[in-house]
Protein chains: 2
Amino acid sequence: MKDVVLVKTLYRHTNEYANKTVKISGWVRTLRASNAFGFIEVNDGSFFKNTQIVFDSAKIENFKEISKLPISSSITVIGTLIETPDSKQPFEIQAENIIIEGMSHSDYPLQKKRHTFEYLRSIAHLRPRSNAFSAVFRVRSVAAYAIHKFFQDKGFVYTHTPIITGSDCEGAGEMFRVTTLDLNNVPKNEDGTISFKEDFFQKDSNLTVSGQLNGECFALAFRNIYTFGPTFRAENSNTARHAAEFWMIEPEISFADLQDNMELAEDMLKYVIKYVMDECPEEMTFFNQFIDKGLLDRLNHIVNSDFGKVSYTEAVKLLQECGKQFEYPVEWGIDLQTEHERYLTEEIYKKPVFVTDYPKDIKAFYMRMNEDGKTVAAMDCLVPGIGEIIGGSQREERLDVLKSRMAELDLNEEDYWWYLELRKYGETKHSGFGLGFERLIMYITGMSNIRDVIPFPRTTGTAEF
Amino acid sequence: MKDVVLVKTLYRHTNEYANKTVKISGWVRTLRASNAFGFIEVNDGSFFKNTQIVFDSAKIENFKEISKLPISSSITVIGTLIETPDSKQPFEIQAENIIIEGMSHSDYPLQKKRHTFEYLRSIAHLRPRSNAFSAVFRVRSVAAYAIHKFFQDKGFVYTHTPIITGSDCEGAGEMFRVTTLDLNNVPKNEDGTISFKEDFFQKDSNLTVSGQLNGECFALAFRNIYTFGPTFRAENSNTARHAAEFWMIEPEISFADLQDNMELAEDMLKYVIKYVMDECPEEMTFFNQFIDKGLLDRLNHIVNSDFGKVSYTEAVKLLQECGKQFEYPVEWGIDLQTEHERYLTEEIYKKPVFVTDYPKDIKAFYMRMNEDGKTVAAMDCLVPGIGEIIGGSQREERLDVLKSRMAELDLNEEDYWWYLELRKYGETKHSGFGLGFERLIMYITGMSNIRDVIPFPRTTGTAEF
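The name given to chain A in an unreviewed UniProt entry is Asparagine--tRNA ligase, with Clostridium tarantellae as the source organism. Per UniProt, chain A carries the Catalytic activity (unreviewed entry) text "tRNA(Asn) + L-asparagine + ATP = L-asparaginyl-tRNA(Asn) + AMP + diphosphate + H(+)". Annotation of chain A in UniProt includes, under Sequence similarities (unreviewed entry), the sentence "Belongs to the class-II aminoacyl-tRNA synthetase family."

Caption draft 1: Quick look at the overall build of chain A. The helix and strand tally for chain A stands at 14 helices and 16 strands. The C-alpha extent of chain A, read off along each of the three principal axes, is 85 × 60 × 45 Å. Sorting the 465 residues of chain A into buried and exposed places 61% on the buried side. Of the contacts formed within chain A by residues at least 6 apart in sequence, a portion of 67% connects residues at least 24 apart. Charged side chains of chain A number 53 positive and 69 negative; the gap between the two group centres comes to 6 Å.

Caption draft 2: Region of the structure containing the domain arrangement of chain A. All names here are of chain A. By the assigned domains, chain A splits into domain 1 (7–102) and domain 2 (129–173 + 209–452). Here domain 1 and domain 2 have C-alpha centroids that lie 45 Å from each other. Both sides of the domain 1 and domain 2 interface together cover about 800 Å² of buried area, and 42% of this is carbon and sulfur. Three residues, Arg12, Arg29 and Phe48, lead the burial of domain 1 against domain 2; their summed loss comes to 67% of the area buried on that side. Where domain 1 packs against domain 2, one counts one salt bridge.

Caption draft 3: Molecular detail of the relation of the copies chain B and chain A. Of the two same-sequence chains, chain B is brought onto chain A (RMSD 0.0 Å, axial shift 0.0 Å) by a rotation of 180 degrees. Both copies are brought into coincidence by an operation consistent with a two-fold rotation axis. Considering only C-alpha atoms, the part of chain B nearest the rotation axis is Val178 of chain B, at 2.4 Å. Both copies share a contact surface, since 100% of the interface residues of chain B are interface residues in chain A too.

Caption draft 4: Molecular detail of helix 5 (residues 131–153) of chain A. All names here are of chain A. Here helix 5 spans 32 Å end to end across 23 residues, near enough to the 33 Å set by a 1.5 Å rise per residue. Across the 23 residues that make up helix 5, a large majority, 20, are buried. Residue Gly155 follows helix 5 closely and has a positive phi angle near 80 degrees.

Caption draft 5: Spatial organisation of the pattern of salt bridges. All names here are of chain A. Applying the stated rule across the entire model yields 45 salt bridges over all chains. Where Glu438 meets Arg140, a salt bridge forms, and the shortest distance between an N and an O atom there is 2.9 Å. Of this pair, Glu438 sits in helix 14 (residues 437–445) while Arg140 sits in helix 5; the two residues are 298 residues apart in sequence, bridging distant segments of the chain. Both residues of the pair, Glu438 and Arg140, count as buried. Via salt bridges that share partners, Arg121, Arg127 and Asp452 belong to a single interconnected network.

Caption draft 6: Region of interest: the nonpolar core. Ranked by size, the top nonpolar core spans 276 residues in total, and within it Ile98, Met284, Ile390 and Phe437 of chain A together with Ile98, Ile390 and Phe437 of chain B carry the most contacts. If we ignore the near neighbours within four places in the chain, the residues touching Ile98 of chain A are Ile40, Ile53, Phe55, Ile60, Asn62, Ile66, Ile75, Thr76 and Val77 of chain A. One finds Leu207, Phe232 and Ala244 of chain A together with Ile164 of chain B within the second-largest nonpolar core, a separate group that totals 22 residues.

Caption draft 7: Region of interest: the sheet that holds strand 2 (residues 37–43) of chain B. Residues and elements named next belong to chain B. In spatial order, the strands read 1-2-3-5-4; together these five strands close into a barrel with mixed pairing. Along the sheet, successive strands turn relative to each other by an average axial angle of 55 degrees, direction set aside. Taken together, the six bridges between strand 2 and strand 3 (residues 51–56) define a ladder with antiparallel strand orientation. By the bridge assignment, Gly38 is partnered in strand 3 with Phe55.

Caption draft 8: Seen up close, the sheet that holds strand 10 (residues 224–232) of chain B. Residues and elements named next belong to chain B. Taken in spatial order, the eight strands of this open sheet run 6-10-11-16-15-14-13-12, and their pairing is mixed. If you trace the sheet from one side to the other, it starts and ends with strand 6 (157–158) and strand 12 (308–311), each paired once. As defined by bridge partners, strand 11 (residues 245–254) adjoins strand 16 (residues 430–436) across five bridges and the pair is classed as antiparallel. Bridge pairing in strand 16 places Ser254 opposite His430.

Caption draft 9: Region of interest: the interface of chain B and chain A. Each side of the interface is counted separately: chain B has 115 residues, and chain A has 115 residues. Buried surface at the junction of chain B and chain A, summed over both partners, amounts to about 9600 Å²; 61% is from carbon and sulfur atoms. Of all residues in chain B, His160, Leu183 and Tyr425 of chain B bury the most surface against chain A, accounting for 8% of the area lost on that side. Counting every contact that joins chain B to chain A gives six salt bridges.

Caption draft 10: Structural detail: the pairing of strand 3 (residues 51–56) of chain A. All names here are of chain A. Here strand 3 lies mainly inside the structure; five of its six residues are buried. Pairing of strand 3 with strand 5 (residues 91–102), which is carried by three bridges, proceeds in the parallel orientation. Across the sheet, residue Ile53 finds its bridge partner in strand 5, namely Ile93.

Caption draft 11: How the structure looks around the packing of aromatic side chains. All names here are of chain A. Per the counting criterion, the structure on display carries 73 aromatic pairs over all chains. Centre to centre, the rings of Phe200 and Phe201 are 4.9 Å apart; their planes meet at 75 degrees, and the pair counts as edge-to-face. Classification of Phe200 as buried rests on a relative accessible area of 5%. Exposure remark for Phe201: the relative accessible area of 2% places this residue in the buried category. Ring geometry for Phe218 versus Phe222: centroids 5.8 Å apart, planes at 35 degrees, classification tilted. You can see Phe218 and its partner Phe222 sitting in helix 6 (residues 212–222), four residues apart, about one turn around the helix. Pair check on accessibility: Phe218 and Phe222 agree, each one buried. We note Lys374 situated over the ring of Trp332; from NZ or CZ to the ring centre the distance is 5.3 Å. It is Arg423 that lies over the ring of Tyr419; its NZ or CZ is 4.2 Å from the centre.

Cut-offs applied
Residues numbered from 1 in each chain as written. Chains lettered and ligands numbered in written order. Predicted model: local features only at pLDDT ≥ 70, side-chain atom pairs only at ≥ 80, totals over all residues. Heavy atoms only, no water. UniProt positions renumbered as here; feature names shortened; annotations may be inferred. Helix = DSSP H or I, 4+ residues; strand = E, 2+ residues; numbered from the N terminus. Buried < 20%, exposed > 50% of the residue type's maximum accessible area, 1.4 Å probe, protein only. Contact = heavy atoms within 4.5 Å. Lys, Arg positive; Asp, Glu negative; His and termini not counted. Charge placed at Lys NZ, Arg CZ, Asp CG, Glu CD. Domains from an automatic or database assignment. Buried area = accessible area lost by both parts, 1.4 Å probe. Salt bridge = Lys/Arg side-chain N within 4 Å of Asp/Glu carboxyl O. Least-squares fit on C-alpha atoms with pLDDT ≥ 70 in both. Expected span 1.5 Å × (residues − 1). Core = buried A, V, L, I, M, F, W, Y, C linked by side-chain atoms within 4.5 Å. Pairing = 2+ DSSP bridges. Axes fitted to C-alpha atoms, helices over the stretch in contact; angles between N-to-C directions. Phe/Tyr/Trp six-rings, centres within 6.5 Å; stacked < 30°, edge-to-face > 60°. Lys NZ or Arg CZ within 6 Å of the ring centre and 35° of its normal.

The structure is reproduced here in structure tokens:
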């Protein structure tokens, strides 16, 4: 509809439309009417806030019908925009004509009252029409764009690494098998093992857990690349932080060491947070008010902090000496738990902090061995309120060191022939990290369950919609 | 490395660096040397073109070692940038110091000679270092960003629709099953059917073929949305145009009919093509010279044409009356073949053309029924050189019509309860389309095999790397 104006435009350029006739279309969020007058709050999807429509029985022909419109009916309104500087909203529209596009029903499941997030998950097809989810999913979109913009402005090449894979990148959790075999009649080899010859890819295939190894191939051609795509974990973790399907961002940079890597991670986090705060002020105010009272202070603090840096070995000492009783005792060699991570960033540093140089035994095979022979050039970025948000490392570029590390871990060189060849033909120091996109969105919005930042979440036992 | 300059920066701002000392790092693409002098073409991944390094035995300590560097070794060069206005490249670097970062080997598989694309597919981990694939994958990245920018600038909400799904959106081709069941011992129900109770999602689950139905949920909240993510088809089509895993863009717009939909598709195509031509002039020149001689003319023509529009019924008449003998004879009711599509766009219209209002029997259940009861409000966009590049429709928003259409096609209403509820609670006219991203990249680059525009392609029998 050519002459329709988006509500976002009316909010951002109100004075240009003052006292003019405008036409908007959208969905009824609330409606109340007497015999003479009525008020509708319309949301047109382009903007977080509603627009107030005033309608008058003297002007509106179908006044009675309009007065009884069920919530979520869609309408087109033609009317005069009047500035209302003394009221909560900057303007209202005095309707001259209201056209009903589509009638809703009185049993509409999203009536104007507070619903639990649990209930709203059961109507994932409708929940983006609620305030909270309208805000969450717009922020998700804007944050995704901020990530692309950040990397593209720096000349990084966006790389679509494969979703279906024949290899388990880092043995990170259980994988989903992808198959076209007939499960009623799985073909077997003579020795009783499954025959994948008739499967689509003629081999055992799975959903990817990380695009990193493929990303490294591209980083060693394009210097700086990033991935942004779905990844999968078939872990039976029924927690508020785990989903079976989630999106990851994995930049990979050549001629770059762990310091360069941390600098990139810090710049990226600050950029994305600031971008969302600048572009979605209404949504961020909503979160700060209704979801997480300290949110904006915390995010502003992050944008304005220089992140701390501490080695794992030093961090273990700090935790041992801090006097705090942890559920899991701290000693050198353990994987830090969320309680430790949060204590470090919230109590000791009071700002985001990178922990570096973890024991090799708790990290992946591809991380670069330090000179001590005990630790690897890894880094985790911990942020207040959540703990680890980014994990990365400098990669082992020395072919002999990489091979001996793989042997230690019983990894088959043949499965990684192409990964090893990257070290043979023009190795260079390179680094990268992974950022779980949903965790970032939880962090930016204050939402506490990963199911509430994914449009249609897939978790243990759940693949609805 | 802080003080390293990207080669792209040197090319775009050559005069700012003239006669200054610069430091670059990259990979050796070619090298030739006499006893006194040598020349290296270095590519640093940031830019399509190489940088010529001149090195002199009088200045370079490790002259002999450098002279024998295998192709693809990585080096850091410090030297003076000298403008060379009379030669092919705008500048060269006279080396003062060359540091070897990583030695390659003499058996490097990508020596400087022409390789077939088939061969290069077998070294997908190295092929982005070749000219053609360096150009393809940078264009892929820039085109992906152009799509995000196009939609975000218009306020569209980027929506991550699920990859794993319990429903077959449109019965479009065979699907891949996703499972954690033990294939050696598939659990069965008493009646002999597969028991999915022990499967991760406790139901039969597949990889998505389209995000559209989920996208509609979000369009009816946010008005304008788009998806951009991987989709899957388990079709056994071993052709140059089919991949099992590919990326799709699916915008969905509310309060919008088929005309609005076509306008959006036309604007988007023109925007993305123009953006790539503006941002990647070197790559586009390369494609025009070495891959597809008429490419730039054809793309410029598209950007400057008003796309044609013709109904399916009229198009059938035109094809029947054109005098051309087609392999597949044309009659009303058939699905147009590529030969028909190309004749329409290349010979009759000589520009891109939308064909609209196809017979309902060859289109999906969700397309809006026209008043004639025989055709639906569908549109395909055909472009010269390729045929169909976009398919879309206005969606059936009338609950009763949609239900009776589903009944005709034996679709189970229960499986679509949430999709049907969108029509019950605030229906509005809405439309959308799908663009296969790989097909767009083939179109923009002139590459003729889909395996050569995907970093690590997945096709029948192939899931390597």
